[in-house]
Amino acid sequence: MEIEGEMTNYIIRRLLLTIPTLIGIITITFLLMYVVPGDPIRILMGQRGDPETIAMIRKQMGLDDPLPVQYIRFLTNVLRGDFGRSYATNRPVLSEILTRFPATLRLALASMVVASVIGLSAGIISATRQYSFFDYSSMVVALMGVSAPVFWVGLLLMWIFGYTLGWLPISGYGDITYLVLPAITLGIRPAAYIARMTRSSFLEVLRQDYIRTARAKGLTERRVIYIHAMRNTLITVVTILGMELASLLSGAVLTETIFAWPGIGRLSVDAIIKRDHPMVQGTVLFTAIIFIFANLIVDISYAFLDPRIRYE
Amino acid sequence: MKRFLSVLLVLSLFVALFQVVGIGATKKYGGVLRTAVTSDPPTLDPAQITDTTSDMVARQIFDGLVDYDENLKIVPVIAKNWSISKDGKVYTFNLRQGVKFHNGREVTAEDFVYSWKRVMDPATKSKRANFMEDIAKVEAPSKYVFRVTLKEPRGYFLQMLPYSCFWVIPKEEVEKLGPDFGSKPVGSGPFKFVSWTHDDKVILEANKDYFAGRPYVDRLEIRIIPDENVAIMEFEKGNLDWYENVPPSELDRLKSDPKWKDNIIEKPELGTYYIGMNCQKPPLNNKLVRQAISYAINREQIVKVIMRNSAMIATGILPPGIPGYSKRPPIPYDPEKAKRLLKQAGYPDGKGLPKLELAFNKSATHQRICEAIQSDLKKIGINVELVQMDWAQYLEKVDRGETQLFRLGWIADYPDADNFLWVLFNSKNWGPGGNGVYYKNPTVDELTDKAKTMVPGAARNSLYKRAEAIILEDAPWAPIYFYVSRAIKQPYVMDFDFSGMGPFTAKLEKVWLDK
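Quick notes on the rules
- Residues numbered from 1 in each chain as written.
- Chains lettered and ligands numbered in written order.
- Predicted model: local features only at pLDDT ≥ 70, side-chain atom pairs only at ≥ 80, totals over all residues.
- Heavy atoms only, no water.
- Helix = DSSP H or I, 4+ residues; strand = E, 2+ residues; numbered from the N terminus.
- Buried < 20%, exposed > 50% of the residue type's maximum accessible area, 1.4 Å probe, protein only.
- Contact = heavy atoms within 4.5 Å.
- Areas by Shrake-Rupley, 256 points an atom, 1.4 Å probe, with all protein chains shown as cover.
- Lys, Arg positive; Asp, Glu negative; His and termini not counted.
- Charge placed at Lys NZ, Arg CZ, Asp CG, Glu CD.
- Phe/Tyr/Trp six-rings, centres within 6.5 Å; stacked < 30°, edge-to-face > 60°.
- Lys NZ or Arg CZ within 6 Å of the ring centre and 35° of its normal.
- Salt bridge = Lys/Arg side-chain N within 4 Å of Asp/Glu carboxyl O.
- Axes fitted to C-alpha atoms, helices over the stretch in contact; angles between N-to-C directions.
- Parallel < 35°, antiparallel > 145°, perpendicular 65-115°, else oblique.
- Left-handed = near helix turned anticlockwise from the far one by under 90°.
- Core = buried A, V, L, I, M, F, W, Y, C linked by side-chain atoms within 4.5 Å.
- Nonpolar A, V, L, I, M, F, W, Y, C, P; charged D, E, K, R; others polar.
- Buried area = accessible area lost by both parts, 1.4 Å probe.
- Polar contact = N/O pair within 3.5 Å; in protein donor to acceptor, adjacent residues only side chain to side chain.
- Pairing = 2+ DSSP bridges.
- Expected span 1.5 Å × (residues − 1).

J.: Any details on the overall build of chain A? Residues and values, ideally.
T.: Assigned secondary structure in chain A consists of 13 helices and zero strands. Principal axes of the C-alpha set define a box for chain A whose edges measure 85 × 60 × 30 Å. Looking at chain A as a whole, 47% of its 312 residues are labelled buried. Considering only contacts within chain A whose residues lie at least 6 apart along the sequence, 73% involve residues at least 24 apart. Of the roughly 15500 Å² of accessible surface on chain A, a fraction of 69% belongs to carbon and sulfur atoms. Charged side chains in chain A number 28 positive and 22 negative. The centres of these two groups are separated by 5 Å.

J.: Before we move on, can you summarise the packing of aromatic side chains with the specific residues and values?
T.: On inspection of all chains with the given rule, the structure shows 34 aromatic pairs over all chains. Pairing Y210 of chain B with F211 of chain B gives two aromatic rings, centres 4.9 Å apart and planes at 55°, and the pair type is tilted. For F211 of chain B, a relative accessible area of 28% puts it in the partly exposed group. Summarising the aromatic geometry, the rings of Y481 of chain B and Y483 of chain B are spaced 5.5 Å apart at their centres and angled 75° between planes, so their arrangement reads as edge-to-face. The buried category is assigned to Y483 of chain B, whose relative accessible area is 19%. One aromatic cluster is present, formed by W82, Y91, F93, F112, W116, F146, F157 and F166 of chain B through successive ring pairs. In this arrangement the basic side chain of K237 of chain B is found over the ring face of Y163 of chain A, its NZ or CZ atom lying 5.9 Å from the centre.

J.: I'd like a description of the pattern of salt bridges, backed by residues and values.
T.: In total, this model carries 49 salt bridges over all chains according to the counting rule given. The partner of D135 of chain A in a salt bridge is R199 of chain A, and the shortest N-O contact between them spans 2.7 Å. Of the two residues, D135 of chain A sits in helix α6 (residues 133–147) while R199 of chain A sits in helix α8 (residues 176–206), which places them 64 residues apart along the sequence. Residue K287 of chain B pairs with E473 of chain B through a salt bridge whose shortest N-O separation is 3.6 Å. Of this pair, K287 of chain B sits in helix α8 (residues 287–296) while E473 of chain B sits in helix α15 (residues 458–474), placing them 186 residues apart in sequence. Accessibility expressed as a relative area gives 44% for E473 of chain B, which makes it partly exposed. It is possible to trace a salt-bridge network through shared partners that takes in R91, E96, R100 and R266 of chain A together with D40 and D199 of chain B.

J.: Run through the environment of P170 of chain B, naming residues and quoting values.
T.: Residue and element names in this part refer to chain B. Summarising the element assignment, P170 is placed in the loop between α4 (157–160) and α5 (171–177). P170 sits 70 residues away from K100 along the chain, and the two C-alpha atoms are 9.9 Å apart. With sequence-adjacent residues up to four places away left out, P170 is seen in contact with F101, N103, R105, F181 and V186.

J.: Describe the packing of α8 of chain A against helix α10 (residues 221–249) of chain A, with residues and values.
T.: All names here are of chain A. Two elements in contact, α8 and α10, have axes whose closest approach is 9 Å; the angle formed by their N-to-C orientations is 150°. Of the possible angle classes, the one that applies to α8 and α10 is roughly antiparallel. Helix-helix and strand crossings are classified by hand; for α8 and α10 the assignment is right-handed. Of the residues in α10, those touching α8 at L186, P190, Y193, I194, M197, T198, S201, F202, V205 and L206 are I225, A229, M230, N232, T233, T236, V237, I240, L241, E244 and L248.

J.: Can you tell me about the nonpolar core, naming the residues and giving the values?
T.: Residues and elements named next belong to chain B. If you look at the biggest cluster of nonpolar residues, it comprises 110 residues, and the most contacted ones within it are L65, F93, W116, F146, V148, F166 and F496. Sequence-distant contacts of F93, that is, excluding residues within four places in its chain, are made with L65, A79, N81, W82, Y144, V145, F146, V148, L158 and L161. The next biggest cluster of nonpolar side chains, apart from the first, holds 37 residues, and it includes Y295, A296, I302 and I306.

J.: Go over the packing of helix α5 (residues 93–128) of chain A against α6 of chain A, please, and point to the residues and values.
T.: All names here are of chain A. α6 packs onto α5 with a crossing angle of 140° between their chain directions and a minimal axis gap of 8 Å. With respect to each other, α5 and α6 are oriented oblique. When you trace α5 past α6, the crossing you get is left-handed. Contact with α5, carried on its side by A122, I125 and S126, involves F134, D135, S138 and M139 of α6 and no other residues of that element. Residues that form the contact of α5 with α6 fall into these classes: four nonpolar, two polar and one charged.

J.: Requested: an account of the interface of chain A and chain B, with residues and values cited.
T.: With 47 residues of chain A at the interface, the matching set in chain B holds 48 residues. It is Q47, R48 and R91 of chain A in chain A that bury the most area against chain B; as a group they hold 20% of the surface buried on that side. Applying the counting criterion to the chain A and chain B interface returns seven salt bridges. A salt bridge links D199 of chain B to R100 of chain A; the nearest nitrogen and oxygen atoms lie 2.9 Å apart. Put simply, chain A and chain B have 15 residue pairs in polar contact (both at pLDDT 80 or more) between them. Broken down by secondary-structure element, the contributors of at least two residues to the side of chain A that touches chain B are α2 (40–44), α3 (51–61), α5, α7 (150–164), α11 (253–258) and α12 (264–273) of chain A. Across the side of chain A that touches chain B, the residue classes break down as 21 nonpolar, 15 polar and 11 charged.

J.: Before we move on, can you summarise the sheet that holds strand β10 (residues 219–224) of chain B with the specific residues and values?
T.: Residues and elements named next belong to chain B. If you trace the four strands from one edge of the open sheet to the other, you get β1-β10-β9-β8, paired in mixed fashion. Strands with a single pairing partner mark the edges of an open sheet, and in this sheet they are β1 (32–37) and β8 (191–197). Within the sheet, the average angular offset between the axes of one strand and its neighbour, ignoring direction, is 20°. With five bridges connecting them, strand β9 (residues 201–206) and β10 associate as antiparallel partners. Of the residues in β10, the one forming a bridge with L204 is L220.

J.: I'd like a rundown of the sheet that holds strand β7 (residues 145–150) of chain B, residues and numbers included.
T.: Residues and elements named next belong to chain B. Ordered in space as β4-β5-β7-β6, the four strands form an open sheet in which the pairing is antiparallel. Where the open sheet ends on each side, the last strands, each with one partner, are β4 (79–84) and β6 (135–142). Each neighbouring strand pair of the sheet contributes to a mean axis angle of 20°, computed without reference to strand direction. Summarising the sheet, β6 and β7 pair through five bridges and their orientation is antiparallel. Note on β7: the bridge partner recorded for S142 is V145. Helix α3 (residues 109–120) contacts β5 (90–95), β6 and β7 of the sheet and is inclined by roughly 160° relative to β6.

J.: Which residues make up helix α14 (residues 442–453) of chain B, and what are the values?
T.: All names here are of chain B. Taking 1.5 Å per residue as the helical rise, α14 with its 12 residues ought to reach 16 Å, and the 17 Å between its terminal C-alpha atoms agrees with that figure. Buried-residue contacts for α14 involve α13 (418–425) and α15. Where α14 begins, the capping side chain belongs to N441, and its oxygen is found 2.9 Å from the backbone nitrogen of T443.

J.: So what about the environment of V205 of chain A? Which residues, and what values?
T.: Residues and elements named next belong to chain A. Following the sequence through the fold, V205 ends up in helix α8. It is 35 Å that separates the C-alpha atoms of V205 and G154, two residues lying 51 residues apart in sequence. Setting aside residues no more than four positions away along its own chain, V205 makes contact with Y210, I211, A229, N232 and T233.

J.: Go over unusual backbone geometry, please, and point to the residues and values.
T.: Along the chain, P282 of chain B connects to P283 of chain B via a cis peptide bond; the corresponding omega equals 0°. Along the chain, P283 of chain B turns up in the loop between β12 (264–277) and α8. Notably, N90 of chain A is not glycine yet its phi reads approximately 60°, a positive angle. Residue position: N90 of chain A is located in the loop between α4 (67–79) and α5. Judged by relative accessible area, N90 of chain A falls into the partly exposed class, the value being 33%. Phi at D349 of chain B is positive, roughly 55°, even though this residue is not glycine. Tracing the backbone through its elements, the reader meets D349 of chain B in the loop between α10 (335–344) and β14 (356–361).

The structure is reproduced here in C-alpha cells:
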C-alpha cells in the first residue's frame, strides 16, 4: 500500500516535470527552424520562385510577423491541441503523424521482438558457455550486426528473400509477410547490442555469491540461470529495450525508405528537408513525448524487476 | 483453274489482312495498371501543384481546356475549339457539352472562371498564382463559352494551359472539403479518386462516364517507393507495370536484357543541366573567364562515364523539342582555347585568379559531376573549391546571388523558348524568378521581351535563335547536358507513350493490358 502511494506520487511528479521539458523542446525547435537558412515557401515553389508570389503567401501565412508573435501564436495553438497544417501538404500535422503511427508501431514492436529473442538467447548462451565456439562466433556476428549499415542489411535481405527466392514481398505495407524483412533489418542492430550487454551483465551476475549459494543449495542449473541470474540481468536489458523502443517509435528513416514503409521517420526527415516548420515541430514534440514516457515506463519497471529500488 | 487459284489467293490475302487488322484493333478492357513514384505527392489540388509527382497523379483525375499530344502539339480536351483575337489578347474557348465532374454535375464555362480565379485569389495561397499574371479578365459569356483577356499578347499562352493550375475543379466540392480538397480530389478526368494511404499508395478507378470514353484499365495503383533500386526490383519481379525513374546505374543492364530492351521508351526531355556563373561577381564578370571555363569542361566524359549515356551532351541552352531550338554541334572540349582565353583575360595559366567556389546541392551524381569539372578546370590553372549544401540552403544562396559557380538543371514548365530565354536570362527576372546567374545583356532583354508578345511562328523563333546565340557567346551558363526522360514497361503494357515533357504526362487512359 505504502509502495503504491510512493509510486503514484513519483509518477505524478515525473509527469509534471515533463511540462517544462516539453515547453523547452518546443522553444528550441522553434528557434532552430528559424535560424536554419531556407524559406519553406521558396522551396515549395521549385526553382521558379516568383518573389511577389512568395511575399503574398508568406503574408497570408503570417510568416512575416515578428518572431515573438509567431511563437506565442504557435504555443497557444499547441496548448489548444492544434498543431497547425503542414506548409507542404496543407494537411493537419496531427493527423499526418497519427496516420503513420500504426505503421511505425507495428514495425517497432516487431523489431523489438526480433531484437529481444535473438539478443537475449544469444547473450545467455554465450555467457553460460563462455569462451566456447558459440560464444566467439555469436559475439563476432553481434559485432557485425552493430556495425553493418542498415540500408545494406535491408537491401541484402530484400534481394535474397524478396527478389531471388520470392518468399516474401520486396517492399510495401500490408499483412504480416510485409513486416518480416523490415523487422529483421531494424531488429539486427539492437539484437546485437542486447546480446553483448546480456552476455556481459550475465557473466557479472554469474560470479555473484548468491549464484554460488543457489548452486550450492543443489538447484538445477536451469533454475539458477533462468530464475536467479536472469532477473538481475534484466535491468540492463530493459533499459536498452526501453530506449531502443523509444527511438524506433520515433521512426526509422532508412528502413522505412528502403522498404517503402509509411512510417514517421520518412515524415520527419522530409519535413526537415522542406523546412516544413509545423510538421517539424509536430514530429519533434511527438518524439519527445514518446521518449519521456518510455523513460518513465523503464524507471517504473525497475521496481518490478528489483524490489529494492524505491521511488522517492 | 488459274482463275480459281487467283480468286483463292485474293481471298486468302483478304483473310490475312482482316486478321492483322483484327489483332491490332482488339484492345482489351480491364485490369490494374501499377506504377510507383519516389515520394508521396504533396497535394492533389491543381492550384497548389508544383512538382511532377503530384502532377502525374492529379492529371488522371483532372482535365483542362487543352493538353499536349505525344509530339507536344496542343490538342483540345474540354475546349472543343478556340479562337484568338487579331491583337492576340482575347482567347475564346468553346467548351464541349456533356463533360461531367465525378460528382455527376456538368462542367461549364463558369467552372473555369471559378477555378482560375481561385488560383489568382491570394487567400488560396497558390504557388502558381504568378502563372496567371498575364491575365486581365476571365469570363463566361455563355454556358459553354469561356473567354480570357490578356493584359498583353503572349505567344506562349496556349502552351501554358496544360499546366495543372489551369485545370477545372468543381466549386461545390472545394467549398465542402475546404483545405482537404487536395487530399480527396474531385475532377472531370479519366480516373476517379478512390483512396490514398500516405507514403504507401494512391488508388484511382476508371471514370466510366469519361467524355472521351472510359479508360481501358479498371484501376490505377500508384505506389510510393522512395528507393529507385527497390522499385526496379519490384518492376523486374512483375509487381509494377511501368516505371519512370530508372536509375542510370541500371540502364546498361536493362538495355542489354532481351526481356526489357524493347520496352524502354526514351525521349529528349525539355531540360538542360548547367553550370551557372554569377555574371556580377569578379572574376566571373569577365566574359573571357566564363568562356574559358565552358571550353575547359569535358562534357563527353561526364555524359559517358558519370551519366552512363543516360543524357545527351548539351549543344546550347534550348533543348531539342522546344520551338526555336537550333541544331548546333556540341560545345567543344578545348583546353588549349580555354588557356588562351584565360591569358587574354589577364590570367595566364590561371595566375592571379582567386580560388573559385563551385556549389551544388547534396546528391551523389551532382557531386561526381562537380568533381569532374573541378579536375577539368585544374588542368587550365583554375582552382575550384566544392561546396555542398542541402536544397533549401542552396536555393537561398543562388537566389541571393551569393554563388560564384553553381550547378542547376532547368526543366521546362511549358514547351516554349520564353520559359528558358526570358525566365532564365532576362534581367527583369534576376534572383529567385530564374535568372540566378544575374546575367544582363540589353539586346537579349529586348529580344526576349519582344518575342514574349509575338504570335508563335518563324518570326518569333528567329528572335529566340538570335538571343540564344548571344547568350552562348556571353557564356553565363556552361550547359552540360540535355535531359532524356525514360520509362520502362512490361511487354504486355500496350499504347503507353508520353510527351517530351516527361513520362508523368503519359495518357494512362489510353493504356491497355494485353494479358
